[in-house]
Amino acid sequence: MAAPRKYPDELRERAIREVRATGRPIAHVAKDLGIHKEALRGWVRQAEADSGERDDRLTTAEREELKQLRRENAELKRANEILKAASVFFAQEIDRPRTRPSR
């Protein structure tokens, strides 16, 4: 479960909009809004990646897809381990010599 966000989404959007619209330094906008400057810097970078202005970061959609694919991959690995264990068990059952019950 993800940690709760320290800053509301509305504040994030407002801060990003102000940095991009005014061209003021991130540190100044962050100080005016009471936000840590590195948090704001990360938000601005992510907004730039989402809008296609940066290609050194994954977009939010790509991050979500990657997270979902990693979960799916882990689930498939678990299923494979279960199937391997079951196949070993049944192979041993088949190879075991059968004895006739005495009457």
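Details of the structure are given in the entry above.
Residues numbered from 1 in each chain as written. Predicted model: local features only at pLDDT ≥ 70, side-chain atom pairs only at ≥ 80, totals over all residues. Heavy atoms only, no water.

Visitor: Explain the overall build of the protein chain residue by residue, including any values.
Guide: Helices and strands together make up the secondary structure of the protein chain, namely four helices and zero strands. Listed by position from the N terminus, the elements making up the protein chain come as α-α-α-α. Across its three principal axes, the protein chain shows a C-alpha extent of roughly 95 × 25 × 20 Å. Across the 103 residues in the protein chain, those meeting the buried criterion constitute 17%. Sequence separation of at least 24 residues holds for 32% of the intrachain contacts in the protein chain that already meet a minimum separation of 6. Roughly 8900 Å² of accessible area belongs to the protein chain as shown, and the carbon and sulfur atoms make up 53% of that amount. (Helix = DSSP H or I, 4+ residues; strand = E, 2+ residues; numbered from the N terminus. Buried < 20%, exposed > 50% of the residue type's maximum accessible area, 1.4 Å probe, protein only. Contact = heavy atoms within 4.5 Å. Areas by Shrake-Rupley, 256 points an atom, 1.4 Å probe, with all protein chains shown as cover.)

Visitor: Explain the packing of aromatic side chains to me, and be specific about the residues and the numbers.
Guide: Taken as a whole and judged by the stated rule, the model has two aromatic pairs. Ring geometry for F89 against F90: centres 5.2 Å apart, planes inclined by 75°, an arrangement best described as edge-to-face. (Phe/Tyr/Trp six-rings, centres within 6.5 Å; stacked < 30°, edge-to-face > 60°.)

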